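Geometric and topological summary
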Amino acid sequence: MLTKIAANHFSTRKEHKMRLADIVDFDNYINPDVEAPYPGDEDLELPAEIGILPIRNAVAFPGTVMPLAIGRDRSKLLIEDAVPHETIFGLVAQKKASISVPGPNDLYSVGTAATVLKVIRMPQGSYNIIVHGVSKFKILKYTATKPYLRAKIKLLTTKIPSTKKLRATIVSVKNAASRVVALSPNVPDEAAILLDNINDPTALADFLAATLNISVRHKQEILAEVNITKRLEMVSVALADQLEVLELSHKIQGQVRDSIDKSQREYYLQEELKAIQEELGQTDRRTEELEELKAQIIDTKMPAPVEEDTLRELDRMSKIPIASPDYGVSRTYIDWICDLPWSIQTEDRLDIAKAERTLNRDHYGLQKIKRRILEFLAVRKLNPSGKSPILCFVGPPGVGKTSLGQSIARAMGRKFIRISLGGIRDEADIRGHRRTYIGALPGRILQELRKCKSRNPVFMLDELDKIGQDFRGDPASALLEVLDPEQNNTFTDHYIDQPFDLSRVMFIGTANYTEPIPPALMDRMEIIELPGYTQIEKLRIAKKYLIPRQLKEHGLTKTQLTIKDDAVSTIAQSYTREAGVRNLERTIAAICRYVGTRIVKKESKKATVGKAQLPNILGPHKFESELALRTAMPGVATGLAYTPYGGEILFIETAQIPGKGKLTITGQLGDVMKESAQTAFSVVKSESKRLKLDPDLFAKYDYHIHVPAGAVPKDGPSAGCAIYTSLVSLLTHTPLQPEIAMTGEITLKGLVLPIGGLKEKIIAAKQAGIKTVILPHRNKKDIDDLPKEAKSKIKFTFVKNANEIIKIALKK
């Protein structure tokens, strides 16, 4: 702020010439023999009319010297007229610096009279001049605008009262200015001496205002103020702001300097210690650390290119000061490289008979999956270098997908890893962050391999169907390389930035259903479906696994609690009704808690729980069959649906309302199911003559199709047959046969197409008490895959077109 403080204020004409001789070259003077007037001369008088020189981005003050660059035509004419005749002219600041040719209204009304001390003519025709402020004036009236501005002026004088307030203000301003000079690194020492020698308050105010780093508007306000006390107060406020900034800057610089000095001291001591240890023939801690890291890199037995790059990184780290942030980044990177299991793996247990016993001991049923695992072990025994399969278990919750992965790991003698992918949205969770980011780490794949210290574990990717995606990337796309046997032998994590072989890892994905999984990802996996359990399967699982486990967890013995088979069947049928056994186990746990409480209270020593005791322990039944109630009237049909949680039965209801043939569909149905309803309605209309229906029925009435449980989303084409049958039942006023359900997609020509999820639908039908199930003829081949328990006491009828459904389903 005060860098020019010593050069901008002089008290004698001699000082002017001496200083200017140091600044400019007198050889380029227009008139070097002209003596410049000095504002302290008593014979100096201002003329009544003077030329006005507009200046931009600056304010001239009396008693100060300032350089100006003159380039505008009117300004050059004024200088050419004023310099030869030693004429005084006025310096007036512009209100807006962007105006090239300012008029009277574009200038402030108060300015400073000045004389030219030196002029330098530039090659391009402009002038560089040095001017000296004489006194301030007020413009009364402009008299000319050409060739340059001229105006009548009035000299402004300042009365200096002798008051204590003024003296106190002068002392305060001088102290603040001295403090600013002391804190400003570029201000010469002479500035403080010059400041102390200024005793005139007007000169002090002008001197400080000219050098303060404030806006043109604020400087102009100080110049225009006549009251000397107010002027000094305005200067004092500006000095206080400037002083606050300088003190804060000085404090920050001090903190930085202390930190640098500490680092330099530590570096110097480290170098001294290193030199002393070299003289003693010892090695310092850092050298030992580097040697240990080098030995660790070699012992890891990583691939040769990776080892070469890691050693190069180690060499780079050895040249980085320990205090540098880059040192920590390099050290963390090398630690990660060395901790990965590049060559460590467990030996596969290839005893197929023992593996089969392990799988059978841990899980009931699931023959298809067990056979697939045994096939893999057999192939691995024949070809030890073969690639691991990429499996995906698809099935409802609670059927044992996750626990099956643990069982597979035990059967093969491998370590087990599980990560949940549900809800992850960042690609970096799979592939890691690049090392340029603060706090970067490898992705979850390499993190888990590092923890288990084996390169061939069973790696379970849970909840593949619940991966999210947003602006940070698509994790499902990042998994494409991980789950591709042809590519995952060179999997490259963003953080490690080196190829890592994942081909020996046995990846197993799990999902409740396949629709949300991207096709490219699903194409890389072998899909194995885990359907829901039948009633008998649940009973056997409960007796063999669930009840013993819950008895152990609750501190009970078999003699203290016995749960009968009819109780387990009733729980599965009337209290849980699910595809898996998770809620069944929770309910058994509730029984254990109830009995355990009674034993602790000494109300009984042991208990036997049968079907009759369940309402007292668990409350009333949560599920009851509504089949007879729902299907006893025309317009109601029973369909079968497949959901991510297993099979369910759907009641399709239709109603006839006076109108004009409009069709309304409700029940929170998806687009596919709505299209199935419209197709079924069109088939009924096209076959109205064969069904002996009055053609006016479709012109005089509206029809409403509703699928109850409106809060539950429903979709899929397999309800087409049930919707068609419900409409025919309504129009012919004929109810359906009791205890009959159907599933199948219907076309506009009345053909019945095959469906999926057959086992889950049949299990749901059996639980609901269905006796007859109508299926598409092309699903007949799938009946052989159903468990015997699911097929028992159910009659299967296969149809090819809609006409056959009506003959079977409607009452005679």
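To start, this report covers the structure provided alongside it.

Cut-offs and rules
- Residues numbered from 1 in each chain as written.
- Predicted model: local features only at pLDDT ≥ 70, side-chain atom pairs only at ≥ 80, totals over all residues.
- Heavy atoms only, no water.
- Helix = DSSP H or I, 4+ residues; strand = E, 2+ residues; numbered from the N terminus.
- Rg over C-alpha atoms; globule rule 2.2 N^0.38 Å.
- Contact = heavy atoms within 4.5 Å.
- Lys, Arg positive; Asp, Glu negative; His and termini not counted.
- Charge placed at Lys NZ, Arg CZ, Asp CG, Glu CD.
- Axes fitted to C-alpha atoms, helices over the stretch in contact; angles between N-to-C directions.
- Parallel < 35°, antiparallel > 145°, perpendicular 65-115°, else oblique.
- Left-handed = near helix turned anticlockwise from the far one by under 90°.
- Nonpolar A, V, L, I, M, F, W, Y, C, P; charged D, E, K, R; others polar.
- Phe/Tyr/Trp six-rings, centres within 6.5 Å; stacked < 30°, edge-to-face > 60°.
- Buried < 20%, exposed > 50% of the residue type's maximum accessible area, 1.4 Å probe, protein only.
- Expected span 1.5 Å × (residues − 1).
- Patch = residues over 30% accessible without salt bridge, like charges linked within 9 Å, V, L, I, M, F, W, Y side chains within 5 Å.
- Areas by Shrake-Rupley, 256 points an atom, 1.4 Å probe, with all protein chains shown as cover.
- Salt bridge = Lys/Arg side-chain N within 4 Å of Asp/Glu carboxyl O.
- Pairing = 2+ DSSP bridges.
- Disulfide = S-S within 2.5 Å.

For the rest of this paragraph, the subject is the overall build of the protein. If you tally the helices and strands in the protein, you get 28 helices and 24 strands. For 812 residues, the compact-globule formula gives about 28 Å, and the C-alpha radius of gyration of the protein, at 48 Å, lies well above that figure. If you line up the protein on its principal axes, its C-alpha atoms span 135 × 95 × 65 Å. For the protein, the share of sequence-separated contacts (at least 6 apart) that also reach a separation of at least 24 residues comes to 73%. Averaging the locations of the 117 positively and 99 negatively charged side chains of the protein gives two centres separated by 11 Å.

We now examine the packing of helix 9 (residues 304-318) against helix 10 (residues 325-339). One way to put it is that helix 9 packs onto helix 10 with a least axis distance of 10 Å and a crossing angle of 155 degrees. In terms of orientation, helix 9 lies roughly antiparallel with respect to helix 10. Here helix 9 runs over helix 10; the crossing is left-handed. Touching Thr310, Glu313, Leu314, Arg316 and Met317 of helix 9 are Tyr327, Ser330, Arg331, Tyr333, Ile334 and Ile337, all from helix 10. Here the contact of helix 9 with helix 10 is built from residues that sort into six nonpolar, two polar and three charged.

Throughout the structure, instances matching the rule amount to six aromatic pairs. Ring centres of phenylalanine 459 and phenylalanine 507 lie 5.4 Å apart, and the angle between their planes is 40 degrees; this geometry places the pair in the tilted category. Linking phenylalanine 459 in strand 9 (residues 458-462) with phenylalanine 507 in strand 12 (residues 506-511), this pair joins segments that are 48 residues apart in sequence. Its relative accessible area of 0% is what places phenylalanine 459 among the buried residues. What makes phenylalanine 507 buried here is its relative accessible area of 1%. Grouping aromatic residues by their ring pairs yields a cluster made of Phe681, Phe698 and Tyr703.

Let's shift gears to helix 20 (residues 582-600). Under the 1.5 Å per step criterion, the end-to-end length of helix 20 is 27 Å for 19 residues, consistent within 8% with the ideal 27 Å. Among all positions in helix 20, only Leu584, Glu585, Thr587, Ile588, Ala589, Ile591, Cys592, Val595, Gly596 and Ile599 are buried. Residues of helix 20 that are buried in the fold lie against helix 18 (535-553), strand 14 (561-563), helix 19 (565-576), strand 15 (607-609) and helix 21 (614-618). The first or second residue beyond helix 20 is lysine 602, which carries a positive phi of 60 degrees.

Looking now at a nonpolar patch on the surface. Taken together, the side chains of Leu248, Ile252 and Val256 present a nonpolar region at the surface, about 270 Å² in accessible area. Of note, isoleucine 252 is situated in helix 7 (residues 228-280).

A few words on the sheet that holds strand 8 (residues 416-420). On the basis of which strands lie adjacent, the open sheet formed by five strands has the order 8-9-12-7-13 and parallel pairing. If you trace the sheet from one side to the other, it starts and ends with strand 8 and strand 13 (526-529), each paired once. Across the sheet, the mean angle from the axis of one strand to that of its neighbour is 20 degrees, orientation sign disregarded. Where strand 7 (residues 390-394) and strand 13 come together, four bridges link them in parallel fashion. Counted as the bridge partner of valine 394 is glutamate 529 from strand 13. The strands touched by helix 15 (residues 444-452) within the sheet are strand 8 and strand 9, with strand 8 carrying the most contacts at an inclination of about 150 degrees.

Inspection of the entire model under this criterion finds zero disulfides. The closest cysteine sulfur to the non-disulfide-bonded cysteine 338 is located on cysteine 452, 17 Å from its own sulfur. According to the relative accessible area criterion, cysteine 338 is buried, its value standing at 8%.

What follows is about the packing of helix 23 (residues 671-686) against helix 25 (residues 720-732). A pair of packed helices is captured by two measures, namely the crossing angle of their axes and the spacing between those axes. Where helix 23 contacts helix 25, the axes come no closer than 8 Å and their chain directions differ by 45 degrees. Comparing their axes, helix 25 and helix 23 come out oblique. Judged by the sense of rotation from one axis to the other, the crossing of helix 23 with helix 25 is right-handed. Mapping the contact onto sequence places Ser676, Ala677, Ala680, Phe681, Val683 and Val684 in helix 23 and Gly720, Ile723, Tyr724, Leu727, Val728 and Leu731 in helix 25. A breakdown of the residues in the contact of helix 23 with helix 25 according to their chemical character gives 10 nonpolar, two polar and no charged.

Let's shift gears to the pattern of salt bridges. Scanning the model with the defined rule gives 30 salt bridges in all. Where arginine 524 meets aspartate 484, a salt bridge forms, and the shortest distance between an N and an O atom there is 3.4 Å. Linking arginine 524 in the loop between helix 17 (519-523) and strand 13 with aspartate 484 in the loop between helix 16 (475-482) and strand 10 (491-492), this pair joins segments that are 40 residues apart in sequence. Arginine 524 sits in the partly exposed class, given a relative accessible area of 23%. A salt bridge links aspartate 565 to lysine 543; its shortest N-O distance comes to 3.4 Å.

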